[in-house]
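# Observations on the model geometry
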Amino acid sequence: MEKINSSERFEKPAVLKAEHLVKYFYEPEKFKVLKGVSFEVKQGEFLSIIGKSGCGKSTLLYILSTMDTDYEGKLTIRDELLTGKSQNELSRFRNEHLGFVFQFHYLLPEFTALKNVMMPGLKLGKYSAAEVEERAMYKLKLVGMDAYAHKHASRLSGGQQQRVAIARALVNDPAIIMGDEPTGNLDKANSQRVFDIFRSLAEENSQTIITVTHDSDFANGSDRIIEMEDGNIVGTHFPKSV
Amino acid sequence: MNWTLAFQIAITHLVTKKKQTLIAMLGVTFGISMFIIMISFMTGVNQFLEDMAMDNTPHVRIYKPIEIRDDKIISEHHPAGSNDWHVVMHQRPKNELPNIKDGFRYMRQIENDPRVLGVAPQVTSQVFFNNGPVQIPGTISGIDIQKQSTLFNLDEKMDEGALENLMKGSDVIVMGKGLAQKMGVSEGDRVSVTTPDGNNFNLKVVGIFSFGITAYDESRSYATLGTVQKILQKDPSYITDLNIKMKNVYDALAFREKLEAELKNVTIEDWEKANASILAGDKIRNMLTAVVCVTLLTVAGFGIYNIMNMNIINKMKDIAILKATGFAGKDITAIFLLQSLMIGVAGGLLGLLIGFLFSYLLSITPFPEASFFRIETFPVNFRPVHYGFGMLFGFLTTLFAGYFPSRKAASIDPVQIIRG
Ligand SMILES: Nc1ncnc2c1ncn2[C@@H]1O[C@H](COP(=O)(O)OP(=O)(O)OP(=O)(O)O)[C@@H](O)[C@H]1O
Ligand SMILES: [Mg+2]
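Here is a short report on the structure shown in this document.

What counts and what doesn't
- Residues numbered from 1 in each chain as written.
- Chains lettered and ligands numbered in written order.
- Predicted model: local features only at pLDDT ≥ 70, side-chain atom pairs only at ≥ 80, totals over all residues.
- Heavy atoms only, no water.
- Helix = DSSP H or I, 4+ residues; strand = E, 2+ residues; numbered from the N terminus.
- Rg over C-alpha atoms; globule rule 2.2 N^0.38 Å.
- Buried < 20%, exposed > 50% of the residue type's maximum accessible area, 1.4 Å probe, protein only.
- Contact = heavy atoms within 4.5 Å.
- Pairing = 2+ DSSP bridges.
- Phe/Tyr/Trp six-rings, centres within 6.5 Å; stacked < 30°, edge-to-face > 60°.
- Lys NZ or Arg CZ within 6 Å of the ring centre and 35° of its normal.
- Lys, Arg positive; Asp, Glu negative; His and termini not counted.
- Salt bridge = Lys/Arg side-chain N within 4 Å of Asp/Glu carboxyl O.
- Near = heavy atom within 4 Å.
- Polar contact = N/O pair within 3.5 Å; in protein donor to acceptor, adjacent residues only side chain to side chain.
- Areas by Shrake-Rupley, 256 points an atom, 1.4 Å probe, with all protein chains shown as cover.
- Axes fitted to C-alpha atoms, helices over the stretch in contact; angles between N-to-C directions.

Scanning chain B from N- to C-terminus turns up 17 helices and ten strands. For 420 residues, the compact-globule formula gives about 22 Å, and the C-alpha radius of gyration of chain B, at 33 Å, lies well above that figure. Along the longest, intermediate and shortest principal axes, the C-alpha atoms of chain B span 105 × 65 × 45 Å. Going through the 420 residues of chain B one by one, you find that 49% of them count as buried. Put simply, of all contacts in chain B between residues at least 6 apart along the chain, 75% involve residues at least 24 apart.

Right, let's get into the pairing of strand β8 (residues 220-224) of chain B. All names here are of chain B. When you tally the buried positions in β8, you get four out of five residues, the bulk of the element. Direction of pairing for strand β3 (residues 134-143) relative to β8: parallel, over a ladder of five bridges. Looking at β8, one finds that Ile-140 is bridged to Ser-221.

The full count for this structure, using the stated rule, is 17 aromatic pairs over all chains. Here Tyr-403 of chain B and Phe-404 of chain B contribute two aromatic rings whose centre-to-centre distance is 5.3 Å and whose plane-to-plane angle is 85°, an arrangement assigned as edge-to-face. Among the aromatic residues, those joined into a ring-pair cluster are Phe-46, Phe-195, Phe-198 and Phe-218 of chain A. Lying across the ring of Tyr-24 of chain A, Lys-30 of chain A places its NZ or CZ 4.6 Å from the centre. Its guanidinium or amino end placed over the ring of Tyr-216 of chain B, Arg-220 of chain B lies 3.8 Å from that ring's centre, counting from NZ or CZ.

Before going further, it helps to examine the side chain of Glu-269 of chain B. Residue and element names in this part refer to chain B. Mapped onto the elements, Glu-269 comes out in strand β10 (residues 267-270). Despite its burial, Glu-269 pairs with no opposite charge; the closest candidate is Arg-61, at 4.1 Å N-O. Excluding anything up to four places from it in sequence, Glu-269 contacts His-59, Val-60, Arg-61, Tyr-63, Arg-256 and Ala-274.

A separate point is the site of ligand 1. The local shell around ligand 1 holds 16 residues, among which Ser-53, Gly-54, Lys-57, Ser-58 and Thr-59 of chain A are the closest. The environment around ligand 1 is built from residues contributed by chains A and B. Between Lys-57 of chain A and ligand 1, the recorded distance is 2.8 Å, taken from a side-chain N or O atom to an oxygen atom. Here an oxygen atom of ligand 1 sits 2.5 Å away from a polar atom, N or O, in the side chain of Thr-59 of chain A. Protein chains shield 69% of the accessible area of ligand 1, which is 630 Å² for the free molecule.

Attention now moves to the sheet that holds strand β7 (residues 176-180) of chain A. Residue and element names in this part refer to chain A. The strand order across the open sheet formed by six strands is β6-β7-β8-β3-β9-β10, and the pairing between neighbours is mixed. What marks the edges here is a single partner per strand, and that holds for β6 (98-101) and β10 (232-237). Adjacent strand axes in the sheet meet at a mean angle of 20°, parallel and antiparallel pairs treated alike. Inspection of the sheet shows strand β3 (residues 46-51) paired to strand β9 (residues 224-229) by five bridges, in the parallel sense. Looking at β9, one finds that Ser-48 is bridged to Ile-225. Contacts from helix α3 (residues 87-97) reach β6 and β7, with the element oriented near 80° to β6. Helix α6 (residues 158-170) contacts β6 and β7 of the sheet and is inclined by roughly 175° relative to β6.

Structure (structure tokens):
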């Protein structure tokens, strides 16, 4: 596969567009968490979002993920305006085009690691069950979890679960992969491994990566860093171009 | 919707929570098996009582009642106007013979109707059975033995002796078990009978019968038409009742109405009126069965509702993950509704099996009052339609009980759960 350098990559079209996102929480009292966040992410870009704890990173990511629909502003992904769409349309969209890695609550404990990874693929129904299994196995190998494929998710360690969750996020080859501290539970070696996977997905498959992270090494390895404070974007850095 | 996937997830959830699944299932099993046992037994009892009553109840009965006329004879000569009234104190019935005039002609006429199975003529009179100084009231009925046997199975009701013995001699009778006990007689003994006209006769008992209906067994006796006509000192054309059996019971009402239009000076009664109390009993038993079964299934339904609710609370994280990775609300509903239905179907099938086993055991259990009721074991019906209904009820109950929790599951907001 050809290697594309970063300057070329940024000429690609925007895959995600957030326009003036505003979010309120009403409990315990009315509180503006996001105060008008706007930015664009290009196809194949590896983006990190950083900021102090409680500044609204996760809240922003849930809106970008289409799961939270209670906000003001506009969200467009792959030229499709998602703001105002029905839950059914959004779940279909998520299934096909988005992959997530969460901060907590990773897997369905009753199922094996392989079955967990297969689940979104089976739901999508684009490939036969056998093909989905083959693809799932490949993604597990990618995160170094193929040896545990047939183990129940509840019997895996936290870090192992997180790697399986990453494999699950990749199974439908989504356009955008979002992670809320995807390496939060991982040791140095495994963090590096996840970083390498994301890096190559962005460069080789032109998949877009958006991660919230506290890990400065991880952030510095990405294409762009967005820094948040109190519900606003306060800075953008391009660590590699420095 | 991907049903195979929903089914796989539902099964996995059920299997990993075996104990919970089993408890929910047993609720349905209990409800359905009780339903089967109750309905099999209750309809068995209804059937038994109906058969017992219908065996010796004519579908249509023609007789001549002695009743006080509503219209006063005086009105025929001096019609009452708006200003005058007739007041008759202590009105007495006319001295009329209780026989049906032209009875045998009517009988042949009725027998020709294609809906009629047969007609049995009867001469019935009140009599006293004399037991020493004590007089026991009862009835004696002269019957056509052949017809009474084929139409009303009287020959099958004999405990001692045989009905045919009536034809072998003159002045012989068969009497009810209760009556014989009161009289202290058994087969071969003689009894003294006093007719309403005050005549005494000595009759030989050649058989004892029992219907299983106390009122009948303590008062009735049968002899040939000729014997009864003789003790009443009437001619051979004298009959008081025509008992009609229809080919189809439910033609009785229409046939009665037809006869009422044709025959004068007689009263015609159909079986529904005669058996009003038995039919009312049927209705009460059916209602009781329905109430008990609905209660049981409702309780089972609430059990499932609770367990499903608990299940969904335990599975909130899973639901959130499924929704986050692209499962729609209706997929989630399907997953949990399928669990509920599988509980219903499995519990229901087990319930049918257990219900069948217990009904079978009941049907081979000796009945405690067997000698009294002419029955050896508990009356139990085995009707496939009851089993079908049981399954349907189980299915509907679980569908209903599972629906609301499943809808609740579908409306869970994944962000709230995932945020922690
Ligand atoms: N459900 C909620 N109701 C009310 N306030 C909330 C809710 N969830 C989060 N908040 C508040 O909104 C703010 C932003 O929360 P958010 O989870 O987005 O922070 P974050 O940047 O992801 O922090 P962290 O780095 O610790 O994960 C916080 O002040 C938090 O207390
Ligand atoms: Mg957070």
